[in-house]
Amino acid sequence: MQQFFDATLSGITNGVVFAAFALCLVLIFRATRIINFGQGAQAMVTTYLALKLIQNDVPYALAFVAALAAGFLLGAFVERVIVRPVETGPEINAVIVTLGIFIALVALAAIIFGNDLAAFPAAFSLAGLEVGGSTIALRPNDLFTIGAVLVAMAVLLGLFRFTSLGLRMRASAFNQEVAKLLGVKVGQMLTLGWALAGLFGSLAGLLIAAGTPIFPSYMDAVVIFAFVAAVLGGLDSFLGAVVGGLVLGLTSAYVSSYVGSELVTLAALAILMVVLLLKPGGLFSSSVARRV
Amino acid sequence: MSVAMNKGASDTRTPSAAPAPASGGRLRSTGLKHLLLMLAAFFGLVLLLLAVDEFRATQLASLAYYIPAVAGLTVLTGINGQVSLGHGALMAVGAYTTGVLLIRQPDLPYLLIVAIAIIVTALVGALVGVAAARLHGPYLAGATLALAVGLPGLAITFEDLLGGEPGLRIPSPTVPPWVQDLYGNITGDRLTPRVYLAYLGGALALTTLFILSNLVRSRYGRMWRAVRDDEVAAELAGIDLGRARVLAFVVSAACAGLAGALLAVVSRIAAPTGFTVVLSLSLLVAIVIGGLGSLVGAIIGSAMLVYLAPFSIARGRDLGLSDVEAANLAPLIYGVVLIVVMLVAPRGLVGTARFAFLARRAGRQGAGART
Amino acid sequence: MLEVKDLVTAYGPVLALDGVSLSATAGRVTAVLGANGAGKTTLLRTISGLVRPKAGTVMLNGEDVTRSQVETMVHKGMAHVPEGRGLIAELTVEENLRLGGLFRRAKDGDSELARIYDLFPPLKERATRSAHTLSGGERQMLVVGRALLAHPKLLLLDEPSLGLAPRVVSQIFSLVRDLVDSTGLAVLLVEQNAKSALSIADTGVVLNLGRVVATDDAATLAADEGLRHAYLGF
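Anyway, here's the lowdown on the structure attached to this text. As a convention, each chain's residues are numbered from 1 in the sequence order in which they are written. To label them, take the chains in the order written and letter them from A, then take the ligands in the order written and number them from 1. A pLDDT threshold of at least 70 governs which residues receive local features in this predicted model, and a stricter bar of 80 or more applies before side-chain atom pairs are shown or counted, although totals over entire chains, interfaces and linings include all residues. Derived side-chain values reflect all non-hydrogen atoms in the structure, with water molecules and hydrogen atoms excluded from consideration.

**Quick notes on the overall build of chain A**
In this description a helix means any DSSP run of H or I spanning at least four residues, a strand means any run of E spanning at least two, and both kinds are numbered starting from the N terminus. Tallying secondary structure elements over chain A gives 11 helices and 4 strands in all. On C-alpha atoms alone, chain A measures out to a radius of gyration of 19 Å, which is about the 19 Å that the 2.2 N^0.38 rule sets for 292 residues. Principal-axis analysis of the C-alpha atoms gives chain A an extent of 65 × 45 × 35 Å. A burial count over chain A gives 58% of its 292 residues as buried. The contact definition used throughout considers only heavy atoms, calling two residues in contact when any of these lie within 4.5 Å. Partitioning the intrachain contacts of chain A with sequence separation of at least 6 by distance along the chain shows that 75% fall at a separation of at least 24. Atoms counted for the radius of gyration: C-alpha only. Globule rule: 2.2 Å times residue count to the power 0.38. Buried means the residue's accessible area, taken with a 1.4 Å probe over protein chains only, is under 20% of the maximum for its type, while exposed means over 50%, and partly exposed covers the values in between.

**What about the sheet that holds strand 5 (residues 63-64) of chain C?**
Residues and elements named next belong to chain C. Any two strands are treated as partners once DSSP identifies two or more bridges connecting them. The strand order 2-1-4-5 describes an open sheet built from 4 strands, whose pairing is antiparallel. The open sheet has two edge strands with one neighbour each: strand 2 (14-24) and strand 5. Where strand 1 (residues 2-11) meets strand 4 (residues 55-60), 5 bridges bridge the pair, whose relative direction is antiparallel. Its bridge partner lying in strand 4, Leu 2 is registered against Leu 60.

**Regarding the interface of chain A and chain B**
In this assembly, 38 residues from chain A lie in contact with 50 residues from chain B. Its largest share of buried area at the contact with chain B, chain A owes to Ile92(A), Ile103(A) and Ile111(A), together 17% of the area lost on that side. One speaks of a salt bridge when a side-chain nitrogen belonging to Lys or Arg is within 4 Å of a carboxyl oxygen belonging to Asp or Glu. Inspection of the chain A/chain B interface yields 0 salt bridges. Pairs of N or O atoms within 3.5 Å make up the polar contacts considered here, provided that, within protein, one atom can donate a hydrogen while the other can accept it, and that residues adjacent in sequence are counted only when both atoms are side-chain atoms. Our enumeration of links across chain A and chain B arrives at 1 residue pair in polar contact (both at pLDDT 80 or more). Of all elements in the fold, only helix 3 (60-83), helix 4 (91-113), helix 9 (220-233) and helix 11 (264-278) of chain A reach the threshold of two or more residues within the side of chain A that touches chain B. Two parts placed together each lose some accessible area; with a 1.4 Å probe, that loss summed over both constitutes the buried area.

**Examining a negative patch on the surface**
Like-charged residues within 9 Å of one another, or nonpolar side chains (Val, Leu, Ile, Met, Phe, Trp, Tyr) within 5 Å, are grouped into patches, provided each residue has over 30% relative accessible area and no salt bridge. Each accessible area is a Shrake-Rupley result for a 1.4 Å probe, and residues are judged covered by the shown protein chains and nothing else. We count Lys and Arg on the positive side and Asp and Glu on the negative side, and we leave His and both chain ends out. Charged side chains are reduced to one point each, which is NZ for Lys, CZ for Arg, CG for Asp and CD for Glu. On the surface, Asp216(C), Asp217(C), Asp224(C) and Glu225(C) cluster together into a patch of negative charge. Structurally, Asp217(C) can be placed in strand 10 (residues 211-217).

**Considerations on the packing of aromatic side chains**
The geometry of an aromatic ring pair is captured by two quantities: the separation of the ring centres and the angle between the planes. All names here are of chain A. Only the six-membered ring of Trp is used, alongside the rings of Phe and Tyr, when aromatic pairs are assigned; centres must lie within 6.5 Å, and planes under 30 degrees apart are stacked while those over 60 apart are edge-to-face, with the rest tilted. Taken as a whole, this structure holds 13 aromatic pairs over all chains when the rule is applied. Taking 6.0 Å as the distance between ring centres and 45° as the angle between the ring planes, the aromatic pair formed by Phe 37 and Phe 227 counts as tilted. Of the two residues, Phe 37 is situated in the loop between helix 1 (2-32) and helix 2 (39-55) and Phe 227 in helix 9; the sequence distance between them amounts to 190 residues. Judged by its relative accessible area of 3%, Phe 227 is buried. Feature note: the residues Tyr 60, Phe 64, Phe 120, Phe 124 and Phe 144 constitute an aromatic cluster, connected by ring pairs.

**Some remarks on the pairing of strand 8 (residues 186-191) of chain C**
Here is the key point about a regular strand: its side chains alternate between the two faces of the sheet. All names here are of chain C. Taking burial as the measure, the 6 residues of strand 8 include 6 buried ones, the bulk of the element. Burial along strand 8 is two-sided: the residues Ala 186, Leu 188 and Val 190 and Val 187, Leu 189 and Glu 191 are all buried. Relative to strand 8, strand 3 (residues 29-33) runs parallel, the two sharing 5 bridges. Paired with Val 32 across the strands is Val 190, a residue of strand 8.

**Examining the pairing of strand 4 of chain C**
All names here are of chain C. Pairing of strand 4 with strand 5 involves 2 bridges; the strand directions are antiparallel. Within strand 5, the position partnered with Leu 60 by the bridge is Glu 63. The hairpin turn running from strand 4 into strand 5, its antiparallel successor, is 2 residues long, and Asn 61 in that turn takes a positive phi close to 50°.

**Remarks on the pattern of salt bridges**
Within this structure, the stated rule accounts for 19 salt bridges over all chains. Put simply, Arg45(C) and Glu177(A) hold a salt bridge, and the shortest N to O gap is 3.0 Å. Of this pair, Arg45(C) sits in helix 1 (residues 40-48) while Glu177(A) sits in helix 7 (residues 176-181), placing the two residues on different chains. For Glu177(A), a relative accessible area of 31% corresponds to the partly exposed category.

Here it is, written out as structure tokens:
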């Protein structure tokens, strides 16, 4: 019973981070109909940046914020410079470009930062909380993780629902041509979408790294999990990404705990196949026709 | 993956030979041309191997295993339009099958083991293909990526059979006595296993290319292209989309299985670290550079994979990088190349050259070249 | 206000517009007529910037806007209601409307919205509903209302009558005419329903296969039986 309880708690913590990363994939997909396979590598680079700052005596909070800002700028740069030319062509071209970003960034990180494991500090304590006399698998840092993601999601939701900037971004995502005819600077909105996604990705990367060793490929599995989570939720749905993230988090925790941690990715693949074969639109697919 | 490839990354047409009276006739004459080409290439390979040292021979053996893998993938992705990021995992299947058999059944002839590895991988490919047949675009890419990241984990789960993290040490196959005698009679030298593998690998690679080039020109190739270019039209023409896609997957998986079987004995080890995502993505780079759907391009791409890495490591050392750092120069170049090629020349090297050739020819014929 | 000269637009090797010239003036409705495939929609899409022309010029108030971005055209006072109406289905009615006026960056969003609701009461009832739940006539009201929120000087309307009941069509058309008369709006009206269009238009331009075959007062065109039978279907 204890094992189940512990696995559930760590599943929720991980799930929340997967949800954040899935959100950034959905953000990009809604705006430009592209899956950015390089997103994990982008997040990894900004996490290394934070690490370097921390190792140079910059306070954790400042390094954290710097990494988020770097993620924002990197996302904007990638969209504007690298992805923009292939946004309108055949799908396969965009897939290949994002894979190129993936490979290049991981290799670059290995060259600059080395392939060895590097310890990344956590913001808060990593000792399990005491509840009713026993230690549970929930740590103060996990509470920070969950809180940070919830705050970020709330900000994103507020931005989209209640601001005119959010309205313009949604319009650009749903119907580029009509948005242009309404005077929306669609190009800028797309770049902003990728920038926000970059920020979310960096957030996820930093939170995952807390207290664990990082290395250039450490985000690979996260990309897979987040991708499956996003597909599970329906690539168009923010709520779906959150639910999907939690499902993936819990699944990976249970598989890791009861079967073996090396099979977690295959478990995610199994979920992906089930979803795609049974309900390809995902759990929360919107049935609204996209063109009127 | 159903994609409109009109402007994009694939090469649909090869320069047409002089019109033949019937397609069968043309096929036979081109087939004959290819057969002669393959035999000439093998002859050239023999000469080359006699001239070079063992290190170069090993490199040629590596080229020999990359070629079927890349060629198979270019058929799947370039001709049939399905993006697979998991062919590294399929190569792993072939390599591990070969390794396990060589260790546990050392009396079986190596070629039989290769055949078994091909069949096993083809079966796995069929399984993946059935699932993949209904997936398009990023979904297919993501699913195969998950396969690439996740499959090596099985080696750890089944540690006893598959060797876990450190992997399987694979014994080198012995040179068959008749080959040794033949070699000794012609050259007066002893044939080492490494050089033998280069000959064997070269022969198998050329055979694969021959088979694939015929398939690509046959009605299967036309069927695959039709499914890639316009699903609805293909279905209306009576093509079973699922069957066509699965077949393409099986063919490319068989090629990957062969590649894995050769890889296993050339590198003498099968371990999870040898089949990372980078391998799958390198295959993708190779087909993109050559030009999706071009078998000639597959050869060029494979050559890049084999020769760029040591080249870049040497350059890296000159620049003062450590070995580990220099080893990452090659993937860095791959990534940059992927991006640049897609932005600048989406048809790849061979595709762009071919396109320019065709356009100039059309211009000369006064038809007015059209983009 | 709008001067189009010798406009040539091609889709690949196909010439959709083959040297089209026309003009639109403030306070007047210019109807662009012709059969399917005549190039009418392409003409509007080229003027608004969705499509780049191969040759020719588009001048807006004396300024060359041939290669301007769509967003820039909107800032300069052009509103284009595309074929098929161009709603954003996933947004609510009110969100669609608000979008129309956003680029103006004025603080009068709420009062402007109220003005449109007065003009089109059914929209007010459905303000928080998703746009895709609207009927054909309501959708047309939505996009015209949305266009008006942009305070345009030039309005490009592409087949507003498509799929609408005749009664609704005449409502929309008389609304357009009233606006033109009262505010000095210039309207370029593309229509297959030539009869209705000519009834509210000042000038008519007839296109056929990408070329202008007739430009004249609306009344004269309506009276020209030969022309009507050949190109306008009545």
